[in-house]
Every structure is written in structure tokens, then in C-alpha cells.
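Observations on the model geometry
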Amino acid sequence: MDPKKRRTLGNRPQVEPPDSEVQDSSSQVTCQIHQVHRVVNSRIEEEPYSLSLQDRETDAFTQSYAVRRVRKSQNNKLTAMLQVRNEQGRYLEEVLHDLSEFVDEIVIVDDASTDGTPDICRSFPKVVRLEVLEKPLFAEEWRLRNALWQAAVSTDPDWLLSVDADELYSSEAKRAIRKLINQDYADWFAFRFYDMWGGRTHYREDELWSMHKRHTATLVRYMSGYSYFYPQQNHHVPRLPLSCTVLPGVHTELKVQHLGWAGNLEDRVRKYLRYKRIDPHGEWGNLAQYESILDPEPRLLPWKEEP
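What you are looking at is a predicted structure, and each value in this text was computed from that prediction instead of being measured.

1. Focus on the overall build of the protein chain
Within the protein chain one finds 9 helices and 14 strands. Taking contacts inside the protein chain between residues at least 6 apart in sequence as the whole, the part at least 24 apart equals 75%. Of the accessible surface of the protein chain, which amounts to about 14600 Å², a share of 45% is contributed by carbon and sulfur atoms.

What follows is the structure, given as C-alpha cells:
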């Protein structure tokens, strides 16, 4: 394996916590040697690594026998969880139909939609829980993520897949996912997400749009009794709780299409205006990236679902 790809705390998937979230002078945890895996073309490779960090939840972050023994290697239930808002006429129906083919259950929190989004959700039999909020929490995304997490874990899942209402997993990813969850060596998996641009035939790649070049963790094993928490930030909150990052995980080369930018120019302008309204000073994101949404000639590359 390329030494440059050896994972350290500074090279974790997109759920990495900021330093302020993981440091506490009152406790320090030195984790045992784990086996870190990487999935390449459905082939699993291993790489040992060590991890040292400080955290306020010492007991929750150690690899105790009590935690290890709850890892089931077969018959795991996979639950998808989504937060949605005013998705009628977009991609939600397609996403729910797609998820229904490879997950066992779906849990949804509707962020006070004003259209027919809740009715769309109710029309899918695998949606076992739908919570419709009376007041939106989009401006406090960490609260919304936490509400979704609590709703999802209340259904007694074995694994949780965090999905947005504009994401489609590749055929290879869907074929591989049962093999990924029915094992006892890893507690999360990360995928490569591609920002489809102006359609579904091309994705964007430049210095500001390179999500597919890193890994985003969206699939996690749920272990009752383990401490899960999200960072208290209003925008760009990680998909999975920060405490997942200290558990052994997997970087896969499996692909996911992000369709959020696949619409027309008018749709992208609306999203640009929303980001600028919510985060005018770039506190949660990159102002240069916000401005690049309006780039008239972005660099686009052809999409290939299979490697």
C-alpha cells in the first residue's frame, strides 16, 4: 500500500473532528493496534496503524471487550437515515426507490417541509419511521443531524447509512454493501462522492471541487452504550457522529453520485443564494467555493460508474 495513503488522525475521512472537539487535559487514550482496511474493486486490503488522542469520554473511546462482543458478523440489519426538506419534484422518489432495493429499513426526519415531501416518504413501505418537524432546524444543522440520529437508533439498527435526498449509490456499492456490514473487523465505511454537474454524465473536478478525491464516511455500525455526538455547528455538519472516527474503519473505492449540482443553472443559483444567506462570512464553509458555484465554464470530467 502506498505509504502516502497510510491513515493518521490528520488523514481521516470527512467525519474528522476539529482539535477543540477531541482534546481534554483530564484524560488521554492510547488505542490498541487495529486493522484498518481499504476496499479496492471489492478486494479488502489491511494495514495496521496506531492511534493516540485525547478525549473527554475515555471509557467510550477504548476498545473494550464489551464493545467488541456486540459486533455481529452476519444477519445485520441495515437502516438508511435521511433528513429532508421540500424535496418534491427533485430526486427524493428516485433515492427512496433505490434505497428500498438494498436496505432493510428507512428512517426520515422531515425538516418542516411545505410541499408534498412527507407524502412521498409515506408511500414507501420501507420507511418505518417518519418524523415531521413543525419548525425547521436547517439553520442549526447539528440539531437536525442529532434529531435524525436519535430517530434512527430508536429502531434498533445494526448498521446506519446516512444518505442525503440527492445521492445514488453505484451498482457496485449496492452489491458490496452486505459484505461490508456482515463482518466484525470494522465499524465504519467511507465512500467516494462525485459532484455531478449540470446533468448525470459529468462531474466537476478542480481545486475547489474534489470531494471524490477523499473519502466520506456514511456507513456506521451502531453499538448501544457507545457515546455518539455531533459537533455544535450550524452548517456542513459531518454525516456521522465525531466519536465514530476513533473506531476501526474502511476506506472504499466504491462510488456515490451526488446530484445536488446536477440541475440547471437556475437551481444552482438558488443553492448559491441559500449558502450565502446561511453562511455569509464563510464560518462553516469556503467562500471561494460558494462563489465558484456560478463559474460559467467549470472543469467537468465524464462519469464512469464502474472502475
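Let us keep going from here.
2. Notes on the pattern of salt bridges
Taken as a whole, this structure holds 25 salt bridges when the rule is applied. With a shortest N-O distance of 3.5 Å, arginine 90 and glutamate 87 are connected by a salt bridge. Judged by relative accessible area, which is 14%, glutamate 87 ranks as buried. Arginine 178 is paired through a salt bridge with aspartate 104; the nearest N and O atoms lie 3.0 Å apart. Of the two residues, arginine 178 is situated in helix H7 (residues 171-181) and aspartate 104 in the loop between helix H4 (92-99) and strand S6 (105-110); the sequence distance between them amounts to 74 residues. Taking relative accessible area as the criterion, aspartate 104 reaches 31% and is therefore assigned partly exposed. Residues joined by salt bridges that share partners form a network here, namely Glu87, Arg90, Glu266, Asp267 and Arg270.

3. Quick look at unusual backbone geometry
With a phi angle near 55°, asparagine 75 is a residue other than glycine that sits in the positive phi range. One can find asparagine 75 in the loop between helix H3 (65-68) and strand S5 (78-84). For asparagine 75, a relative accessible area of 65% translates into the label exposed. Even without being glycine, asparagine 86 reaches a positive phi, approximately 50°. According to the relative accessible area criterion, asparagine 86 is partly exposed, its value standing at 27%.

4. Overview of the confidence of the model for the protein chain
As a note on interpretation, predicted positions should not be read in detail where pLDDT is low. Taken over all residues, the pLDDT of the protein chain has a mean of 81, while the share at 70 or more is 77%. The low-confidence segment residues 1-37 (pLDDT under 50) makes 101 contacts with residues lying over four places distant or belonging to another chain. Across residues 39-67 the pLDDT falls below 50, and counting only partners more than four positions away or on other chains, this stretch makes 87 contacts in the model.

5. Description of the nonpolar core
A general feature of soluble globular proteins is that nonpolar side chains tend to end up buried together. One finds Leu82, Leu99, Leu161 and Leu219 to be the most contacted residues of the largest nonpolar core, which totals 43 residues. Take this core: its biggest share by element is 5 residues, from H7. Not counting residues within four places of it along the chain, the set of residues in contact with leucine 161 comprises Leu78, Thr79, Ala80, Met81, Leu99, Phe102, Val103, Tyr169, Ile177, Thr218 and Leu219. Met81, Val107, Val153 and Leu240 belong to the second-largest nonpolar core, a separate cluster that totals 26 residues.

6. Some thoughts on the environment of proline 238
Take proline 238: it is sitting in the loop between strand S12 (216-221) and strand S13 (249-258). Sequence separation between proline 238 and tryptophan 142 is 96 residues; the distance between their C-alpha atoms is 8.6 Å.

7. A short note on helix H6 (residues 141-153)
Helical geometry: 3.6 residues make up each α-helical turn, so side chains three or four residues apart lie on a common side. Between its first and last C-alpha atoms H6 spans 18 Å; for 13 residues at 1.5 Å apiece the expected length is 18 Å, and the two agree. What H6 keeps buried is the set Glu141, Trp142, Leu144, Arg145, Leu148, Trp149, Ala151, Ala152 and Val153. Where the residues of H6 are buried, they touch S5, S6, strand S7 (127-132), strand S8 (159-162) and S12.

8. Thoughts on the pairing of S8
In S8, alternate side chains face the same way, and those of Trp159 and Leu161 on one face and Leu160 and Ser162 on the other are all buried. Of the strand pairs in this sheet, S5 and S8 are connected by 4 bridges, and their pairing is parallel. Bridge pairing links methionine 81 to serine 162 in S8. Of the strand pairs in this sheet, S8 and S12 are connected by 3 bridges, and their pairing is antiparallel. Across the sheet, the residue bridging to leucine 161 is leucine 219, located in S12.

The rules behind these values
- Residues numbered from 1 in each chain as written.
- Predicted model: local features only at pLDDT ≥ 70, side-chain atom pairs only at ≥ 80, totals over all residues.
- Heavy atoms only, no water.
- Helix = DSSP H or I, 4+ residues; strand = E, 2+ residues; numbered from the N terminus.
- Contact = heavy atoms within 4.5 Å.
- Areas by Shrake-Rupley, 256 points an atom, 1.4 Å probe, with all protein chains shown as cover.
- Salt bridge = Lys/Arg side-chain N within 4 Å of Asp/Glu carboxyl O.
- Buried < 20%, exposed > 50% of the residue type's maximum accessible area, 1.4 Å probe, protein only.
- pLDDT = per-residue confidence, 0-100.
- Core = buried A, V, L, I, M, F, W, Y, C linked by side-chain atoms within 4.5 Å.
- Expected span 1.5 Å × (residues − 1).
- Pairing = 2+ DSSP bridges.

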